[in-house]
Amino acid sequence: MRLGQNMCWESYADQRYISLTVPILVNPILAWNYQYGLRLSNPRICQNKLETVLTIHMEKQNNKEELKRGLQNRHIQLIALGGAIGTGLFLGIGKAATLAGPAVILGYAFAGIIAFFIMRQLGEMVVEEPVSGSFSYFANKYWGSFAGYASGWNYWVLYILVSMAELTAIGVYVQFWWPEIPLWASSLFFFFAINALNLASVKIYGETEFWFSIIKVVAIIAMIVFGVYLLISGTGGEQASLSNLTSHGGFFPKGWFSQTAEGNFEGLLSAMALIMFSFGGLELVGITAAEAEHPEKNIPKATNQVIYRILIFYVGALIILFSLTPWTNITADTSPFVLVFDKLNGFEFTIFGKTFYFTKIIANALNLIVLTAALSVYNSSVYSNSRMLYGLAEQGNAPRFLSKLNKNHAPINAILVSALFAAVCVFINYVAPKNALEILMSLVVSSLIINWVMISITHLYFRKNKLDAHLQTKFPSFLYPLSNYICLIFLIAVLGIMWITGMKLPVELIPAWLILLYVSYVLIKRKKS
């Protein structure tokens, strides 16, 4: 039987809603069905008085289980915001501050703009096509199969390493309260707990991450508000003043870039690598697209709102930090939270005849906050890793069994395989607990740079495709293509700064890692063919 001339074809513009495999329909046009997502709707066979009226309306969800859209707007907002608020904000600002002084505030503002450009580039793509796999899917479709393969597996490895690092950090924070508990034991406990949560429905993950992020956000707001109170009321001490931002050598006390007599580098540019990595995790909003309710509304809202919130949190926290005390008093281990709440050490209050001292409360509160931040990042890592692996399986760039979903529509095999690799962390903590965190974080740097670069380049190919087809996107990025080139130049410059300032290992690992990805890609494709 052949298709009649009066049949009506309808395109779903590359969404792959159906895949027709009907032997009785012998027509070359059916070869287009998988690539272009054609749908045969309301067919009318008027020739030869055929007795069979063929009606095909095969959407993907009718043939195969899909990820469930269970993430609401509030989940998306807090997931996007919480993804970039990790332990770096609470504990890592001090190192950058010692390198650049108050000028580091400008560095965070500029890095925030770069992060926003990348978020808008990714946001434009996921709003247009809210599918699983995020930027790996787009790289595979618009750039090439190797680009999709490399970006997906690079992202997966990146967050396996982040998972390991956060599990290690969790163990350290637990030891603050219970030093007798081995590092590996607490890591193992939270390893099982978080993975069990992610095997439940995506709504459970969204709700958990929502409250994790709420705790972090409330902690930051409390720090900023109380810091402002200390400055205005004068209770922050004689040295607490906004003049600290320009005193003690000025706003740029160490200049843009210089080398000390000992051979160390300092200045704003030398701190840019540390600053930029604080924004890692913003791309998580793209991973949620396939499970977000009304992605065409919620993704743009989350993308636009998260950037100024993060700038307020980072820049606001830094202004408070540098105002409360001269930057010369800050050490690499200084946390703005420790500094601000330390001002409460002399305070005490009595409830039911029992006196409570802020000193102990501050220490416990800070530990609870950083523990929550670490749990939040690990929770998001488990989620994003499983979805990326699921997307790779959908593309054919990972084994098909990884696309299996459980009854809660969670990619069970992708979660378990990712968990298996992350479990290596427990072993590392057992054999080398002291050096584990430093080793893991040095490896994260390479994957993170590759991730951002591939998002920006993929967006260039995406926009070119849409322009060639004369299509207008729903959520266009800012200053295309100028913003893409600004991001790429900036990221390459950061690599150069890392090389010059002694962070050579992460830079050297990039070509080695890309070669390894390409070799594995060739071998897998050869095996398939």
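Predicted, not measured: the structure shown is a model, and the values here were computed from it. (Residues numbered from 1 in each chain as written. Predicted model: local features only at pLDDT ≥ 70, side-chain atom pairs only at ≥ 80, totals over all residues. Heavy atoms only, no water.)

**Quick look at the overall build of the protein**
Item 1. Summing up its helical and strand segments, the protein has 20 helices and six strands in all.
Item 2. Taking all 529 residues of the protein together, the buried fraction comes to 53%.
Item 3. Sequence-distant contacts in the protein: of pairs separated by 6 or more residues, those separated by 24 or more amount to 78%.
Item 4. Carbon and sulfur atoms provide 65% of the accessible area of the protein, an area that totals close to 23700 Å². (Helix = DSSP H or I, 4+ residues; strand = E, 2+ residues; numbered from the N terminus. Buried < 20%, exposed > 50% of the residue type's maximum accessible area, 1.4 Å probe, protein only. Contact = heavy atoms within 4.5 Å. Areas by Shrake-Rupley, 256 points an atom, 1.4 Å probe, with all protein chains shown as cover.)

**Some thoughts on the nonpolar core**
Item 1. Counting 132 residues, the largest nonpolar core has Tyr 108, Ile 170, Ile 275, Phe 279 and Phe 322 as its most contacted members.
Item 2. Ranked by residue count, the leading element in this core is helix H8 (residues 145–177), at 17 residues.
Item 3. Beyond its immediate sequence surroundings of up to four residues, Ile 275 is in contact with Ala 96, Val 104, Gly 107, Tyr 108 and Ala 111. (Core = buried A, V, L, I, M, F, W, Y, C linked by side-chain atoms within 4.5 Å.)

**A short note on the packing of aromatic side chains**
Item 1. Under the definition given, this model contains 26 aromatic pairs.
Item 2. Relative to Trp 153, the ring of Tyr 149 lies with its centre 6.4 Å away and its plane at 55°, an arrangement referred to as tilted. Note that Tyr 149 and Trp 153 are positioned in helix H8 at a spacing of four residues, about one turn of the helix.
Item 3. Look at Phe 176 and Trp 177: their rings are 6.3 Å apart centre to centre, the planes differ by 75°, and that puts the pair in the edge-to-face class.
Item 4. The class of Phe 176 is partly exposed, set by a relative accessible area of 44%.
Item 5. You can call Trp 177 partly exposed: its relative accessible area is 27%.
Item 6. Here a set of aromatic residues connected by ring pairs shows up, and it is made of Phe 146, Tyr 149, Trp 153, Trp 156, Phe 421, Tyr 518 and Tyr 521.
Item 7. Here Arg 120 stacks its cationic end above the ring of Phe 478, 4.4 Å away from the centre of that ring.
Item 8. Cation over ring: Arg 463 sits above Tyr 480, and NZ or CZ is 4.2 Å from the ring centre. (Phe/Tyr/Trp six-rings, centres within 6.5 Å; stacked < 30°, edge-to-face > 60°. Lys NZ or Arg CZ within 6 Å of the ring centre and 35° of its normal.)

**Here we look at the environment of Pro 481**
Item 1. Residue placement: Pro 481 occurs in the loop between helix H18 (436–468) and helix H19 (482–500).
Item 2. Exposure remark for Pro 481: the relative accessible area of 31% places this residue in the partly exposed category.
Item 3. Taking the C-alpha atoms as reference, Pro 481 lies 9.9 Å from Gln 121; in sequence the two are 360 residues apart.

**What about the confidence of the model for the protein?**
Item 1. Averaged over the protein, the pLDDT score is 77; the fraction of residues at 70 or greater is 76%.
Item 2. At the level of individual helices and strands, the protein shows its lowest average pLDDT in strand E1 (residues 9–11), which scores 37, and its highest in H19, which scores 92.
Item 3. For the stretch residues 1–63, pLDDT sits under 50, and the model shows 90 contacts to residues farther than four places along the chain or on other chains. (pLDDT = per-residue confidence, 0-100.)

**Some words on unusual backbone geometry**
Item 1. Residue Pro 481 follows Tyr 480 across a cis peptide bond; omega there is -5°.
Item 2. Positive phi is not limited to glycine here, since His 248 has a value of about 60°.
Item 3. You can call His 248 partly exposed: its relative accessible area is 42%.
Item 4. Notably, Leu 479 is not glycine yet its phi reads approximately 55°, a positive angle.
Item 5. Note that Leu 479 resides in the loop between H18 and H19.

**Regarding a nonpolar patch on the surface**
Item 1. Taken together, the side chains of Leu 106, Trp 256, Phe 257, Leu 269, Trp 499 and Ile 500 present a nonpolar region at the surface, about 570 Å² in accessible area.
Item 2. Within the secondary structure, Trp 499 is located in helix H19. (Patch = residues over 30% accessible without salt bridge, like charges linked within 9 Å, V, L, I, M, F, W, Y side chains within 5 Å. Salt bridge = Lys/Arg side-chain N within 4 Å of Asp/Glu carboxyl O.)

**Brief notes about helix H6 (residues 104–128)**
Item 1. The first and last C-alpha atoms of H6 sit 36 Å apart over 25 residues, in line with the 36 Å expected at 1.5 Å per residue.
Item 2. A large share of H6 lies buried, amounting to 21 of its 25 residues. (Expected span 1.5 Å × (residues − 1).)

**Quick notes on the packing of helix H10 (residues 202–233) against helix H13 (residues 295–324)**
Item 1. Axis separation between H10 and H13 bottoms out at 10 Å; the angle between their running directions is 35°. For H10 against H13, the interelement crossing comes out left-handed. Between H10 and H13, the residues in contact are Val 217, Ile 220, Ile 221, Met 223, Ile 224, Gly 227, Val 228, Leu 230 and Leu 231 and Ile 312, Phe 313, Gly 316, Ala 317, Ile 320, Ser 323 and Leu 324, respectively.
Item 2. Here the contact of H10 with H13 is composed, by residue class, of 13 nonpolar, three polar and no charged. (Axes fitted to C-alpha atoms, helices over the stretch in contact; angles between N-to-C directions. Left-handed = near helix turned anticlockwise from the far one by under 90°. Nonpolar A, V, L, I, M, F, W, Y, C, P; charged D, E, K, R; others polar.)

**So, the packing of H19 against helix H20 (residues 504–528)**
Item 1. For the pair H19 and H20, interaxial distance at closest approach is 7 Å and the crossing angle is 125°. With respect to their mutual orientation, H19 and H20 come out oblique. For the pair H19 and H20, the contacting residues are Leu 495, Met 498 and Trp 499 in the first and Lys 504, Pro 506, Val 507, Glu 508 and Ile 510 in the second.
Item 2. Among the residues making up the contact of H19 with H20, the classes are represented as six nonpolar, no polar and two charged. (Parallel < 35°, antiparallel > 145°, perpendicular 65-115°, else oblique.)

**Thoughts on the pattern of salt bridges**
When the charged atoms of two side chains lie near each other, side chains of opposite charge can form a pair.
Item 1. All told, the structure shown has six salt bridges when counted by the stated rule.
Item 2. Between Glu 124 and Arg 463 there is a salt bridge, with the nearest N and O atoms lying 3.2 Å from each other. Residue Glu 124 is found in helix H6, and its partner Arg 463 is found in helix H18; the two are separated by 339 residues along the sequence. For the pair shown, Glu 124 and Arg 463 are each scored as buried.
Item 3. A salt bridge links Lys 254 to Glu 266, with the shortest nitrogen-to-oxygen separation between them at 3.4 Å. Of this pair, Lys 254 sits in the loop between H10 and strand E3 (258–259) while Glu 266 sits in strand E4 (residues 265–266), and the two are 12 residues apart along the sequence.
Item 4. One continuous salt-bridge network, built from bridges that share partners, spans Glu 129, Lys 141 and Lys 466.

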